[in-house]
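Chain by chain, the residues:
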Amino acid sequence: MQRSTITASEPDEDGHWGQFGGRYVPETLVAPLDELTKEFTRARHDADFWCELDQRLRDYCGRPTPLFHAQRLTAHAGGAQIYLKREDLSHTGSHKINNAMGQALLARRMGKRRIIAETGAGQHGVATATVCAMFGLQCIIYMGAEDMRRQALNVFRMRLLGAEVVAVNAGARTLKDAINEALRDWVTNVHDTYYLLGSALGPHPYPLMVREFQRVIGREAREQILSATGHLPRALIACVGGGSNSIGLFHPFIGDQSVRLIGVEAGGRADSLGEHAARFHTSVASGGGRIGVLQGTMSYVLQNDTGQIATTHSISAGLDYAAIGPEHAFLHDSGRAEYICASDAEALEGFTLCAELEGIIPALESSHAIIPAVRIACELPQSDAIIVNLSGRGDKDVQLVAELYVT
Amino acid sequence: MSRIRDTFAELKRSGRGGFIPFITAGDPDLATSELLLIELAAAGADIIELGVPFSDPVADGEVIQRASERALRNGVTLQDALTCVARAKQQIDVPVVLFSYFNPLLQFGRERLANEAKQAGVDAVLVTDLIPEEAQAWTETLQQHELDPIFLVAPTTSGERLVRIAQQARGFIYAVSRAGVTGARDEMTHDAETLVRRVRMVSDLPVAVGFGVSTAEHLREVWRFADAAVVGSAIVREIERLKTAPDLVQRVGKFAKSLLATT
């Protein structure tokens, strides 16, 4: 594995970070992806576009989100100061709205009025349904039937917002299956449909574009921590499903070599293939991911020996996915970012710890980052600081956790 | 000269349109797939496409998705698909196109695939989700082993890309009849004819039309403007319907013949 000093992370013009990323799609999708790339590139260099996006993120979504000094969690860890980036406080309750808003503005520029999206935990589906309601766009959300069961509240929220939620009954009926179905819809309705993909995944330009819309998290956090402590944090810790909240937090810090970037994958309930969603999980030979292609992009993918994609498990629907965004694969192989995993049990422990000590109920996804953060803080002096991305709030998970504690 | 090119040259000489049925390897089981290859050849197939089952077939409609699921439940792999071709090829000599998503091929290995596919008697490889921009190394390796890399073109493909695709393609060009996933349709659209005309302007390769071609009428319609027609879901649906019938192979053969009937 090549280890080099990474000071920036930009893909080539076809969306490759090293060997990762790119476009592995049926031919029919190349034209709409080219059209999207063109429009995104234009918007990326258009000050008016960012001005409107910033204004909407401020007035509608409540940005900037606070960077909160979690003093009781800090005292509990007994080391570095722990700061929480409160994405849970943004409108709709997670960071997903940052990307949904950005892409909805793009869709509007492109004159597309039919929006489709996939969702796992339902947070991206809710964010998409929300922006569609605001802009008066038709909204269709694909969601695995198993995820609909786990996240019934979010299904109801999407319907309240006027979206059509389509149950996907293929495969394990989770996020991956929802993406397949959304891609099939797009390939069939390319002319009038905008696919609003929710994570830093999929074919170029999505991994780059979603990252650019989520970078606001890291830009704000960098300013906020400098103003609060006067120096850079020692580490950033964020959960990684597809990897949008983590890449959004990490990216503005990539050039800051003193800042450790730590992604937390879902360790699930066991080490064997099918029981977790830890793509970089190398401690068990049979359990980890290998380089492969899934849903349009080359990255680390959980799969069997013959290239069939593995089923995954996580207590949190939002991390329950077999591949990871290609930029994370690049940051992993270059050694710039580190990836660890937290089990279902550790996520639950983080969930209750954060609730009891800080009065904040985090999403089960974000809860994966809490216990690792406590461990990392405890190894550092009190004069240091670390930032945990609290990517979403946990209201949607309360019922599931209640059921676990009852049975 | 590739066998696929020979086949199209022969079709042209005899003034016939080509018939390219598709089946999924291992649906309903490998032994039956082997017999189906032989039966379809006997029924008049000019080329046969053999699908490698994949867990996430994003370009396929429900019929072929279910075929993939059936095959995967039997644990069918790319290696099994190659074995199936090798065995059938002892009895038939119709060209076979291996039809796959990219990841199973990637895990198998480029050199190894080219070697073993050639040995098994495969004539061409079509990878649904590998566009020319990402395919260069694969195209070169396949050609070194005298395997034709087949590429798809779609109604959405720009003129500029048609040229690029035509440069990398060998054997024939597969024109997707309309935007969408695989699956039978009641009617063919005009998109296909327009697309074939656009391909003709940039390439001398034969053109086959697929996606939604499911009846004898559709075949005759396609033959009017293209060199061959691919029938996938309609045949796979027959296999699904008959999967427990003892005479499945003969009846699928009969169905294939009915598509070629001239009345």
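So, how was this worked out
- Residues numbered from 1 in each chain as written.
- Chains lettered and ligands numbered in written order.
- Predicted model: local features only at pLDDT ≥ 70, side-chain atom pairs only at ≥ 80, totals over all residues.
- Heavy atoms only, no water.
- Helix = DSSP H or I, 4+ residues; strand = E, 2+ residues; numbered from the N terminus.
- Rg over C-alpha atoms; globule rule 2.2 N^0.38 Å.
- Areas by Shrake-Rupley, 256 points an atom, 1.4 Å probe, with all protein chains shown as cover.
- Lys, Arg positive; Asp, Glu negative; His and termini not counted.
- Charge placed at Lys NZ, Arg CZ, Asp CG, Glu CD.
- Buried < 20%, exposed > 50% of the residue type's maximum accessible area, 1.4 Å probe, protein only.
- Contact = heavy atoms within 4.5 Å.
- Buried area = accessible area lost by both parts, 1.4 Å probe.
- Axes fitted to C-alpha atoms, helices over the stretch in contact; angles between N-to-C directions.
- Parallel < 35°, antiparallel > 145°, perpendicular 65-115°, else oblique.
- Pairing = 2+ DSSP bridges.
- Salt bridge = Lys/Arg side-chain N within 4 Å of Asp/Glu carboxyl O.
- Domains from an automatic or database assignment.

1. Remarks on the overall build of chain A
Okay, step 1: Scanning chain A from N- to C-terminus turns up 15 helices and 14 strands.
Okay, step 2: Relative to the 2.2 N^0.38 estimate, which gives 22 Å for 407 residues, the radius of gyration of chain A is 19 Å and therefore close to what a compact globule would have.
Okay, step 3: The dimensions of chain A, computed from C-alpha atoms along their principal axes, are 55 × 45 × 45 Å.
Okay, step 4: For chain A, the accessible area works out to roughly 13700 Å², and carbon and sulfur atoms hold 51% of it.
Okay, step 5: The averaged location of the 46 negative side-chain charges in chain A is 3 Å from the averaged location of its 37 positive side-chain charges.

2. Digging into the overall build of chain B
Okay, step 1: If you tally the helices and strands in chain B, you get 12 helices and 8 strands.
Okay, step 2: The globule rule puts the C-alpha radius of gyration for 263 residues at 18 Å, and the 17 Å found for chain B is close to it.
Okay, step 3: Over its C-alpha atoms, taken along the principal directions, chain B stretches across nearly 50 × 45 × 35 Å.
Okay, step 4: Here chain B, with 263 residues, has 64% of them falling under the buried criterion.
Okay, step 5: Excluding contacts between residues fewer than 6 apart, the proportion of contacts in chain B whose partners are at least 24 apart in sequence is 74%.
Okay, step 6: Carbon and sulfur atoms form 47% of the exposed surface of chain B, whose accessible area is close to 10300 Å².

3. Details of the interface of chain A and chain B
Okay, step 1: Of the residues lining the interface, 32 residues belong to chain A; the matching set on chain B comes to 32 residues.
Okay, step 2: Buried surface at the junction of chain A and chain B, summed over both partners, amounts to about 2600 Å²; 54% is from carbon and sulfur atoms.
Okay, step 3: Among the elements that line the side of chain A that touches chain B, the one with the most residues is helix 8 (residues 175-188) of chain A, at 6 residues.

4. Points about the packing of helix 1 (residues 30-44) of chain A against helix 4 (residues 96-110) of chain A
All names here are of chain A.
Okay, step 1: Contact pair helix 1 / helix 4: the axes reach a minimum separation of 10 Å and the direction vectors enclose 110 degrees. As the angle between them shows, helix 1 and helix 4 are arranged roughly perpendicular. The residues of helix 4 that touch helix 1, namely those facing Glu35, Leu36, Glu39, Phe40, Arg42 and Ala43, are Leu106, Arg109 and Met110.

5. Description of the sheet that holds strand 9 (residues 235-239) of chain A
Residue and element names in this part refer to chain A.
Okay, step 1: Read across the open sheet, the 6 strands follow the order 3-4-14-9-10-13; overall the sheet is mixed. With one partner strand each, in any of the chains shown, strand 3 (67-69) and strand 13 (337-343) form the two edges of the open sheet. Across the sheet, the mean angle separating the axes of adjacent strands is 25 degrees when strand polarity is ignored.
Okay, step 2: Relative to strand 4 (residues 81-86), helix 9 (residues 206-229) is tilted by about 140 degrees, and along the sheet it contacts strand 3, strand 4 and strand 14 (385-390).
Okay, step 3: Taken strand by strand, helix 12 (residues 344-358) contacts strand 3, strand 4, strand 10 (260-268), strand 13 and strand 14, and its axis lies near 90 degrees from that of strand 13.

6. Here's the deal with the pattern of salt bridges
Okay, step 1: Per the counting criterion, the structure on display carries 54 salt bridges over all chains.
Okay, step 2: Between Asp34 of chain A and Arg23 of chain A there is a salt bridge whose closest N-O contact spans 2.8 Å. One end of the pair, Asp34 of chain A, is in helix 1; the other, Arg23 of chain A, is in the loop between strand 2 (20-21) and helix 1, with 11 residues separating them in the sequence.
Okay, step 3: Classification of Arg23 of chain A by relative accessible area gives buried; the value is 9%.
Okay, step 4: Glu240 of chain B serves as the salt-bridge partner of Arg66 of chain B, at 2.6 Å between the closest nitrogen and oxygen. One end of the pair, Arg66 of chain B, is in helix 3 (residues 62-73); the other, Glu240 of chain B, is in helix 11 (residues 233-241), with 174 residues separating them in the sequence.
Okay, step 5: Taking the relative accessible area as the measure of exposure, Arg66 of chain B reaches 33% and is therefore partly exposed.
Okay, step 6: Residue classification places Glu240 of chain B among the buried positions, given a relative accessible area of 14%.

7. Some remarks on the domain arrangement of chain A
How big an interface is tends to be stated in terms of the accessible area lost upon association of its parts.
Residue and element names in this part refer to chain A.
Okay, step 1: Here chain A is partitioned into domain 1 (24-59 + 95-206) and domain 2 (67-93 + 215-406).
Okay, step 2: Put simply, the middle of domain 1 and the middle of domain 2, counted by C-alpha atoms, are 23 Å apart.
Okay, step 3: Taken together, the contact between domain 1 and domain 2 spans 31 residues of the former and 37 residues of the latter.
Okay, step 4: Carbon and sulfur atoms supply 57% of the area that domain 1 and domain 2 bury against each other, a total of about 2700 Å² over both sides.
Okay, step 5: Looking only at domain 1, the three residues that lose the most surface to domain 2 are Tyr24, His95 and Arg150, adding up to 26% of its buried area.
Okay, step 6: In this assembly, domain 1 and domain 2 are joined by 1 salt bridge.
Okay, step 7: One salt bridge in this structure joins Arg150 and Asp320, with 3.0 Å as the shortest N-O distance.

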